[in-house]
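Take a look at the letters that make up each chain.
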Amino acid sequence: MSTIAQHWINGQWTGSGSVLESINPADGTVVGSFYDGGEAEASAAVDAAAAAFETTEWARTPSLRATALSRLADALEARVPEVAAMLSRENGKLLGETMWEVSGAVGWLRYAAASARTQTAGRAAETAPGQYTHSVPEPLGVAGIISPWNSPIMLTVRALGPALAAGCTVVVKLPAQTALTNELFAQVLASVPEIPAGVVSVFTESGNTGAPFLVSSDKVAVINYTGSTPVGRRIAAAASTTLKRLGLELGGKAPMVIFPDADLDMVIPTVVQSLVLMNGQFCCTGSRVLVHRDIADQVRTRLTDALAQVRLGSGDDEKAQLGPVIDRASAQRVDAIVEEAASYGTVLLRGGVVTDGPLAAGAFYRPSLIEVDRTDVRIVQEEVFGPVQTFEIFDDEDDAVAKANATIYGLAASVFSSDSMKARRIARRIRTGTVWINTWGAISEDFEEGGVKGSGYGYLCGPRAIEEFQALKVYVEQDHTQSAH
């Protein structure tokens, strides 16, 4: 192993590409160095995956896949503290959050291992006298997974698990912001002898040549991408030339809809948590707080006070509630959005870039809360990807639903009410893939995740996840000793 983080391609460590540094966003220090990949690494990985799909037993042996995924879960579980600590240093999340992410990925791999053995059956019937028809799910082929830096382990595993369970071979493109974490994950993959060479390759890229190669390659049958809506649109357009299968989980602007009968002692800390988790860099961040007019004054005061008291700190600060954004440029970008919003909204809490004290060397941003009475403004319509919330008032159920649905996004939402029937009624009308009632952020490997509208399409987690990486083949056999009509 090199002291410079490498790619894992076709069962070999590869030190190719220029050498860059990984920076800790909490203090600006260098975490380590890595080889930066691109089209050459992507091409080699795709060739290896295509060969492995055709020449190994992987695609045709569910028991092998189940065993490999189970062993992969064991190997990752043994290294949870190490991987979580490195992830916290590289992307700035609190250590408790990265421990949850990596530990959760272990459970998702175990679910995938079970899927490899239990979701292999099709259907069979005698469809006419002497005519026997049966269907069999088959792996699509080579899968490309393009993962973001905010949760690279979990967001990779939730696609990698079902892709491998289905029998696909896989190329994973991981982001440069978490390059050393990427190599640790590749080490975990490399430690599982049941995974043949070429079945999974991992490369890190800071630029934009390797990922487009995966999207355009006619050897890649399916792409799973998690990231922004604008990039998702470009991927969909580029993939149209090969008509490959796509799974896209894109941006979000999760509305937090609060009715007068809600338990505010529970709601306020939940809304705060929805903003600070992952340092506000989460596609399900509770970035829009929609409050009934009857309780607007109370919620406005309590939420403003609670956000003002949020403690910032590095990932290893056990008392911290909010870490840094990914880099100083992102902190400045977020601040520019807030500054612009001040021209058309009311600033309830003006956070901002930390410029003095012990955190000034990092990319820290204090929470901001902006009250707006329009839905056609940038801070409502675009993902901020930072600890910034809007405060919006509604008058009745129809108004709440109209405002909740007023963006292009449809990934997640929350509804808070002690009236369960009303909460369900509102949840039914909000156009999102997930609606949490009297909670936020609850996810499970047992149930699907996915979005609608500008938040993409396709499902990960749950029993339907494996289907995203399968095609259904139908066989028809005729017994010519009987008549067929």
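Nothing here was measured: the structure is a model prediction, and the numbers come from that model.

**Considerations on the overall build of the protein**
Here's step 1: If you tally the helices and strands in the protein, you get 14 helices and 22 strands.
Here's step 2: Computed over the C-alpha atoms, the radius of gyration of the protein is 24 Å, within 12% of the 23 Å expected from 2.2 N^0.38 for a compact globule of 485 residues.
Here's step 3: Principal-axis analysis of the C-alpha atoms gives the protein an extent of 80 × 60 × 40 Å.
Here's step 4: When the 485 residues of the protein are sorted by exposure, 56% land in the buried category.
Here's step 5: Taking as baseline every contact in the protein between residues at least 6 positions apart, the subset at least 24 positions apart corresponds to 72%.

**Side note on the sheet that holds strand β5 (residues 124–128)**
Within a sheet, neighbouring strands are paired by backbone hydrogen bonds and run either parallel or antiparallel to one another.
Here's step 1: An order of β5-β6-β22 is seen for the three strands of this open sheet, with the pairing classed as antiparallel. Of all the strands in the sheet, the pair left with one neighbour each is β5 and β22 (470–478). On average, each strand axis in the sheet is tilted by 30° relative to the strand beside it, whichever way the strands run.
Here's step 2: Across four bridges, β5 lies against strand β6 (residues 131–139) in antiparallel orientation. Residue pairing across strands places Ala-128 opposite Gln-131, the latter belonging to β6.

**A closer look at the UniProt feature "domain: Aldehyde dehydrogenase" (unreviewed entry) in the protein**
Here's step 1: Residues annotated by UniProt as "domain: Aldehyde dehydrogenase" (unreviewed entry) correspond here to residues 18–473.
Here's step 2: For residues 18–473, helix accounts for 39% and strand for 22%, while the C-alpha atoms at its two ends are 44 Å apart.

**Re the layout of surface pockets**
Here's step 1: Roughly 1100 Å³ of volume is contained in the largest pocket.
Here's step 2: Along its surface, the largest pocket is lined by 43 residues, and Tyr-225, Thr-226, Gly-227, Ser-228 and Val-231 are the ones closest to its centre.
Here's step 3: Among the secondary structure elements, those contributing two or more residues to the lining of the largest pocket are β8 (169–175), α7 (210–216), β10 (220–226), α8 (229–239) and α11 (328–341).
Here's step 4: A breakdown of the residues in the lining of the largest pocket according to their chemical character gives 20 nonpolar, 14 polar and nine charged.

**Quick word on the packing of helix α2 (residues 62–77) against helix α4 (residues 95–118)**
Axes are the key here: two packed helices are described by the angle between their axes and the distance separating the axes.
Here's step 1: With their axes 8 Å apart at the nearest point, α2 and α4 run at an angle of 170° to one another. Taken as axis vectors, α2 and α4 run roughly antiparallel relative to one another. Across the interface between the two elements, Pro-62, Ser-63, Arg-65, Ala-66, Leu-69, Ser-70, Leu-72, Ala-73, Asp-74, Leu-76 and Glu-77 from α2 touch Val-102, Ala-105, Val-106, Leu-109, Arg-110, Ala-112, Ala-113, Ala-116 and Arg-117 from α4.
Here's step 2: Grouping the amino acids of the contact of α2 with α4 by side-chain chemistry returns 13 nonpolar, two polar and five charged.

Reading guide: rules and limits
- Residues numbered from 1 in each chain as written.
- Predicted model: local features only at pLDDT ≥ 70, side-chain atom pairs only at ≥ 80, totals over all residues.
- Heavy atoms only, no water.
- Helix = DSSP H or I, 4+ residues; strand = E, 2+ residues; numbered from the N terminus.
- Rg over C-alpha atoms; globule rule 2.2 N^0.38 Å.
- Buried < 20%, exposed > 50% of the residue type's maximum accessible area, 1.4 Å probe, protein only.
- Contact = heavy atoms within 4.5 Å.
- Pairing = 2+ DSSP bridges.
- Axes fitted to C-alpha atoms, helices over the stretch in contact; angles between N-to-C directions.
- UniProt positions renumbered as here; feature names shortened; annotations may be inferred.
- 1 Å grid on protein atoms, 1.4 Å probe; cavity = no way out; pocket = protein on both sides within 12 Å on 5 of 7 lines; lining within 4 Å.
- Points joined across faces, edges and corners; volume = space filled by probe spheres on them.
- Nonpolar A, V, L, I, M, F, W, Y, C, P; charged D, E, K, R; others polar.
- Parallel < 35°, antiparallel > 145°, perpendicular 65-115°, else oblique.

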